[in-house]
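Listed here are the chains, written in short residue letters.
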Amino acid sequence: MTAPHSRSRRAVAIPVGMVMASAFAFLPNIQAVAADAAPSADAADATSLSYVVNVFPGFGPSQYVKKAIAKAGGTIVTSYDRIGVVVVHSANPDFAKVVRKVPGVQSAGNTRNAPLPAQSTTDEGAPKVLSPAEVASATADATAAQDPLEPLQWDLPAIKADKAHEKTLGSRKVTVAVIDTGVDDTHPDIAPNFDRAASVNCVTGKPDTTDGAWRPTAGESPHGTHVAGEIAAAKNGVGVTGVAPGVRVSGIKVSTTAGYFYTEAVVCGFVWAAEHGVDVTNNSYYTDPWYFNCKNDPDQKALVDAITRATQYAEHKGVVNVAAAGNENYDLAADEITDPVSPNDATPSDRVIDPSKCYDIPTQLPGVVTVASTGAKGIKSSFSNHGLGVIDIAAPGGDSTRFQTPAPPATSGLILGPLPGGTWGYMAGTSMASPHVAGVAALIKSTHPHASAALVKALLYAEADATPCTDPYDINGDGKVDAVCEGPKNYNGFYGHGVADALDAVTK
């Protein structure tokens, strides 16, 4: 199955005006190229690349391996000894090839090809600004128990979050980390619940705890801020309400200024979460530059190895890792998929891959909760990837209003959330579905504070509302089937175990 458009779980919403902005993101067939930007300081210089060298976990690289790295022209940036992942910079084009032969090195590979502007951010249509009259109308519709813009959030009742909030808003002892483009913790909907101690900038692969380093800078994507608000926007009489408005949220910035999520940054993010009291991570991205990472390629295998170690380390520390399934309407259980966008920081080519052997990371890694998206009518979003045995659960991520129109007073089929600078706007994608599940997982952890990561996941799946396959699935009504769902009501390729249920999360 081939999708001719680029793929990302990242989006750009453009705040226009002082009150609220909306952006159509992650919907297929329209590509928006990020504005050219100079390579950030975290990127290797013009002649160097960044590598991960994976050694035996527990003790870090031996002196022998360290000497071999130096001899091959490498400089160690940092080492995550507990999982055996070493981040190295080198200008030697044969560095990985040489180091792979060193005793004690299990795998090694470059994490990037060139510090070029990202090509994987998509949006659709011109930004739609909500007029003051529309904002006033939403506010007028709000009940005394609602935040002003909550009437526009059709996604909350879709997972019974509104009913859950009557029972509890979640525990302040639970933290969800948004591993993403950065979080604006000064936003009035996020500031009350922000966990500064669990926040960091991991872009270089090494933690930077400088105050505010986790925030997006001017011109960077608002994606992480929107995601954070979907999870834990405070119920404080301002703006919107999160799925779990009583829990805490942190920002772990892993995206370069050009919009890339490189392996060393992602590894740093998971390790940081594991070691700083985080209970749930949300991962609405794929790790650049490969959409799918094939283990028969030694460079790509090293990236899979490194992030697998990091996610499993986090889970062993009690962290539930939640990830977006992607937005190309791919069947991830198919025998083959054509990937036309990799590597996205060099010259991509159409390559046919087997998704059971070539992984979207972290989405397809063992133990990670893989989330598909639904729209306002409760069926699979037009763009959402799917696949029996791959999708674990589904949640609202929005869809074109033309395809799935919400019931009034909501007006848009997209998902409303905060944007940097104190504004709000609409986005859509599996990027928006994943934080809904992360929020529900946080509510489960709030209800069962001593539950292990495995138990939280088991409850998440057991409490989901079983949803049968949509058959036939003709989302645009043109008489042609747009995707095929396989499996029974309680576990299928569109919805996994079903749609996340926030009310059950706080009552069972």
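Residues numbered from 1 in each chain as written. Predicted model: local features only at pLDDT ≥ 70, side-chain atom pairs only at ≥ 80, totals over all residues. Heavy atoms only, no water.

Caption draft 1: Expanded view of the overall build of the chain. From N to C terminus, the chain includes 11 helices and 17 strands. Expressed as a percentage of its 508 residues, the buried residues of the chain come to 62%. Long-range pairs, those at least 24 residues apart, make up 77% of the contacts in the chain between residues at least 6 apart in sequence. (Helix = DSSP H or I, 4+ residues; strand = E, 2+ residues; numbered from the N terminus. Buried < 20%, exposed > 50% of the residue type's maximum accessible area, 1.4 Å probe, protein only. Contact = heavy atoms within 4.5 Å.)

Caption draft 2: Spatial organisation of the packing of aromatic side chains. For the structure shown, the criterion picks out 10 aromatic pairs. Ring geometry for Phe261 versus Tyr285: centroids 4.8 Å apart, planes at 5°, classification stacked. Note that Phe261 is positioned in the loop between strand S7 (248–253) and helix H7 (263–275) and Tyr285 in the loop between strand S8 (280–283) and strand S9 (293–294), a separation of 24 residues in sequence. Between Phe494 and Tyr495, the ring centres sit 5.8 Å apart and the planes meet at 85°, which makes this aromatic pair edge-to-face. When sorted by exposure, Phe494 lands in the same class as Tyr495, which is buried. Following the ring pairs from residue to residue traces out a cluster consisting of Tyr286, Tyr291, Phe292 and Tyr330. Of note, Arg112 hangs over the ring of Tyr262, and the distance from its end group to the ring centre comes to 4.0 Å. Here Lys380 stacks its cationic end above the ring of Phe494, 5.5 Å away from the centre of that ring. (Phe/Tyr/Trp six-rings, centres within 6.5 Å; stacked < 30°, edge-to-face > 60°. Lys NZ or Arg CZ within 6 Å of the ring centre and 35° of its normal.)

Caption draft 3: Spotlight on the state of the cysteines. In this structure the tally under the stated criterion is 3 disulfides. Note that Cys202 is cross-linked by a disulfide to Cys268, the S-S spacing being 2.0 Å. When the S-S torsion is -60°, as for the bridge of Cys202 with Cys268, the disulfide is left-handed. Here the residue Cys202 occupies a position in the loop between strand S6 (200–201) and helix H6 (223–232), and Cys268 occupies one in helix H7, the gap between them amounting to 66 residues. As far as the burial class goes, Cys202 and Cys268 line up, both buried. The disulfide partner of Cys469 is Cys485, and the gap between their sulfur atoms is 2.1 Å. Measuring the twist about the S-S bond at about -65°, one finds the Cys469-Cys485 disulfide to be left-handed. You can see Cys469 sitting in the loop between helix H10 (453–462) and helix H11 (502–507) and its partner Cys485 sitting in the loop between H10 and H11, a full 16 residues away along the chain. Here the bonded cysteines of the chain are numbered in sequence order, and their pairing is 1-2, 3-4, 5-6. (Disulfide = S-S within 2.5 Å.)

Caption draft 4: Main features of the sheet that holds S7. Here 7 strands make up an open sheet; going across it, the order is S6-S7-S5-S8-S10-S14-S15 and the pairing parallel. In this open sheet, the two strands that pair with only one neighbour each are S6 and strand S15 (393–396). Strands in contact with H6 are strand S5 (175–180), S7 and S8; relative to S5, the strand with the most contacts, it is inclined by about 160°. (Pairing = 2+ DSSP bridges. Axes fitted to C-alpha atoms, helices over the stretch in contact; angles between N-to-C directions.)

Caption draft 5: Layout of the packing of helix H9 (residues 430–447) against H10. One way to put it is that H9 packs onto H10 with a least axis distance of 10 Å and a crossing angle of 115°. Overall, the two elements H9 and H10 adopt an arrangement that is roughly perpendicular. Handedness of the crossing formed by H9 with H10: right-handed. Between H9 and H10, the contacting residues are Val437, Val440, Ala441, Ile444 and Lys445 on the first element and Val456, Leu459 and Leu460 on the second. (Parallel < 35°, antiparallel > 145°, perpendicular 65-115°, else oblique. Left-handed = near helix turned anticlockwise from the far one by under 90°.)

From the geometry alone we can't say anything about function, so treat these as descriptive.
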